[in-house]
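Each chain is listed here by its residues.
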Amino acid sequence: MGNLGNYQLITTIAKKVGGPMVLLCATLGSGYIIGRTIEAGGKKAFKAPVAAFKKWNTPCATKGQLFRVVTDGEDSSGLKLTAGDEYRVLECDGDAILIEVLNDPNSPYFVSSEFLTTISDFPAEDTGKVQTGD
């Protein structure tokens, strides 16, 4: 007798929506819409950390390379480089480049790739990351 109340509830709902076939179609349709919505949200939630992980693990294209300063310059943090100075790229992340200025006991420094391209032979098209083709 415990499920008789549930049977009456389903029968009442079926009558209100126009019969059992209409109720079945409405249930299947709403289940499909809810399922697709959850699937789309799950895909977005999965793609964001995967993209961040790929970006984080992409190697620096200029890491370890030695560059020569061709014109004097000073960046916004006060780092002064003069023509003839040499620096090595230690790490990079987007526009932020960690460099070691040779023969400078205060190294390393964080500078922008834009600053490095204006004063040295640092490649202008380098964004700090190797292109993976994705």
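The model shown is predicted, which means the values in this text are computed figures rather than measured ones. (Residues numbered from 1 in each chain as written. Predicted model: local features only at pLDDT ≥ 70, side-chain atom pairs only at ≥ 80, totals over all residues. Heavy atoms only, no water.)

A.B. asks: Help me understand the confidence of the model for the protein chain, please; the structure alone is not making it clear to me.
C.D. replies: Any region with low pLDDT has predicted coordinates that should not be read closely. Per-residue confidence for the protein chain gives a mean pLDDT of 82; residues scoring 70 or more make up 86%. Mean pLDDT across the secondary structure elements of the protein chain bottoms out at helix 2 (residues 20-57), with 84, and peaks at strand 1 (residues 66-68), with 90. Low pLDDT, under 50, characterises residues 126-134; the stretch is placed with 24 contacts to residues that sit more than four places away or in other chains. (pLDDT = per-residue confidence, 0-100. Helix = DSSP H or I, 4+ residues; strand = E, 2+ residues; numbered from the N terminus. Contact = heavy atoms within 4.5 Å.)

A.B. asks: How do you make sense of the sheet that holds strand 5 (residues 96-101) when you look at a structure like this?
C.D. replies: Sheets are built from strands paired through backbone hydrogen bonds, the pairs being either parallel or antiparallel. In spatial order, the strands read 1-4-5-6; together these 4 strands make up an open sheet with antiparallel pairing. The open sheet is flanked by strand 1 and strand 6 (109-112), the only strands paired with a single partner. Each strand axis lies, on average, 45 degrees off the axis of its neighbour in the sheet, ignoring direction. (Pairing = 2+ DSSP bridges. Axes fitted to C-alpha atoms, helices over the stretch in contact; angles between N-to-C directions.)

A.B. asks: Got a minute to help me understand the environment of Phe 115 in this structure?
C.D. replies: Assignment of secondary structure puts Phe 115 in helix 3 (residues 113-119). Setting aside residues up to four positions removed in sequence, Phe 115 forms contacts with Gly 73, Glu 74, Asp 75, Leu 79 and Leu 81.

A.B. asks: How should I be thinking about the pairing of strand 6 in this particular structure?
C.D. replies: Residues in a regular strand project their side chains so that they alternate between the two faces of the sheet. Of the two faces of strand 6, the one holding Tyr 109 and Val 111 is buried and the one holding Phe 110 and Ser 112 is not buried anywhere. Across 4 bridges, strand 5 lies against strand 6 in antiparallel orientation. Bridge assignment links Ile 97 to a residue of strand 6, and that residue is Val 111. (Buried < 20%, exposed > 50% of the residue type's maximum accessible area, 1.4 Å probe, protein only.)

A.B. asks: Would you take a moment to explain the nonpolar core for this structure?
C.D. replies: In summary, soluble globular proteins display a tendency toward joint burial of nonpolar side chains. Within the largest apolar cluster, 17 residues are counted, with the highest numbers of intra-cluster contacts made by Tyr 87, Ile 97, Ile 99, Val 111 and Leu 116. For this core, the secondary-structure elements that each account for two or more residues are strand 4 (86-93), strand 5, strand 6 and helix 3. Those residues in contact with Tyr 87, other than ones at most four positions away along the chain, are Gln 65, Leu 66, Phe 67, Val 69, Ile 99, Glu 100, Val 101, Leu 102, Leu 116, Ser 120 and Phe 122. (Core = buried A, V, L, I, M, F, W, Y, C linked by side-chain atoms within 4.5 Å.)

A.B. asks: Just checking my understanding: could you explain the pattern of salt bridges for this structure?
C.D. replies: Oppositely charged side chains can pair when the atoms bearing their charge come close. Counting across every chain of the model gives 5 salt bridges. Between Lys 63 and Glu 91 there is a salt bridge whose closest N-O contact spans 3.1 Å. A residue pair is termed long-range when its members are at least 10 positions apart, and Lys 63 in the loop between helix 2 and strand 1 and Glu 91 in strand 4 qualify at 28 residues. Relative accessible area serves as the criterion here: at 35%, Glu 91 is assigned to the partly exposed category. Salt bridges sharing common partners tie together Arg 36, Glu 39 and Lys 43. (Salt bridge = Lys/Arg side-chain N within 4 Å of Asp/Glu carboxyl O.)

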